[in-house]
Amino acid sequence: RARRAFESWSGPESGEGEAAQRRLTTHQAKNALISLLGYRASKVELHRLCGFDGATWEVFYRRVRERHSEVDCDEEARQAFKALDRSCNSFLSLSDVRASFREALPNVPSNVVEQVFFELDSDRDGRLNYNRFREMWLSSE
């Protein structure tokens, strides 16, 4: 699929020849990423991807693989957060985390669970929002 997206967006307007010799402009790369991943890259990311000469197939494919793994990690974090959010209120409370640990890891002492929770609860409001949870989840990989 990535090859088809690259080839369709680097079509005749970018020059004749094999796909390996073609390059995507920033506009073409943006459209290829949207069509392939449903993802709109920032201007900075597009500039890094294409530089001044355009993105080759190898560079484009490497970025698609990186982005795909990022999406997978985000989805894992989202699913884990939903599973822990027993109250379905878009944040994790200490009681949510305690209950989940009691079920999944009953041998972990409650004081350890509390210590981890309060380390993550940097603003000390007794809640972990998804963004803070996601940071922790992604940093543990």
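Everything in this summary refers to the structure shown in the same document. Worth saying up front: this structure is predicted, and the values here are computed from it rather than measured. Residue positions are counted from 1 within each chain, in the order its sequence is given. Whole-chain, interface and lining totals are the exception, using all residues; otherwise, since this is a predicted model, local features are given only for residues with pLDDT of at least 70 and side-chain atom pairs are given and counted only at 80 or more. The side-chain numbers reported here are obtained from all heavy atoms of the structure, hydrogens and water having been left aside.

### Brief notes about the nonpolar core
One broad rule of soluble globular proteins: the nonpolar side chains tend to lie buried together. Throughout this description, the term nonpolar core refers to a set of buried Ala, Val, Leu, Ile, Met, Phe, Trp, Tyr and Cys residues connected via side-chain atoms within 4.5 Å. Three labels apply to residues, based on accessible area from a 1.4 Å probe with only protein chains included: buried if under 20% of the type maximum, exposed if over 50%, partly exposed otherwise in between. In terms of nonpolar packing, the biggest core is built from 17 residues, with L24, A29, L33, L36, L49, F60 and V64 touching the most fellow members. Listed by contribution, the elements that provide at least two residues to this core are α1 (2-9), α2 (26-37), α3 (43-50) and α4 (57-84). Runs of E in the DSSP output that reach at least two residues are strands. Runs of H or I that reach at least four are helices, and both are numbered from the N terminus. With 4 residues, α2 is the largest single contributor of residues to this core. Two residues qualify as a contact provided that any one of their heavy atoms is within 4.5 Å of a heavy atom in the partner residue. Each residue touching L36, except ones within four places of it in the same chain, is listed here: R1, A2, A5, F60 and V64. In terms of nonpolar packing, the next biggest core, distinct from the first, is built from 12 residues, A80, F81, L120 and F133 among them.

### Description of the pattern of salt bridges
A pair is scored as a salt bridge if a Lys or Arg side-chain nitrogen falls within 4 Å of a carboxyl oxygen belonging to Asp or Glu. Following the criterion strictly, the structure yields 5 salt bridges and no others. For E114, the salt bridge identified is with R98, shortest N-O distance 2.6 Å. Note that E114 is positioned in helix α6 (residues 110-120) and R98 in helix α5 (residues 94-104), a separation of 16 residues in sequence. When its relative accessible area of 26% is taken as the criterion, E114 is described as partly exposed. It is possible to trace a salt-bridge network through shared partners that takes in E45, R63 and E66.

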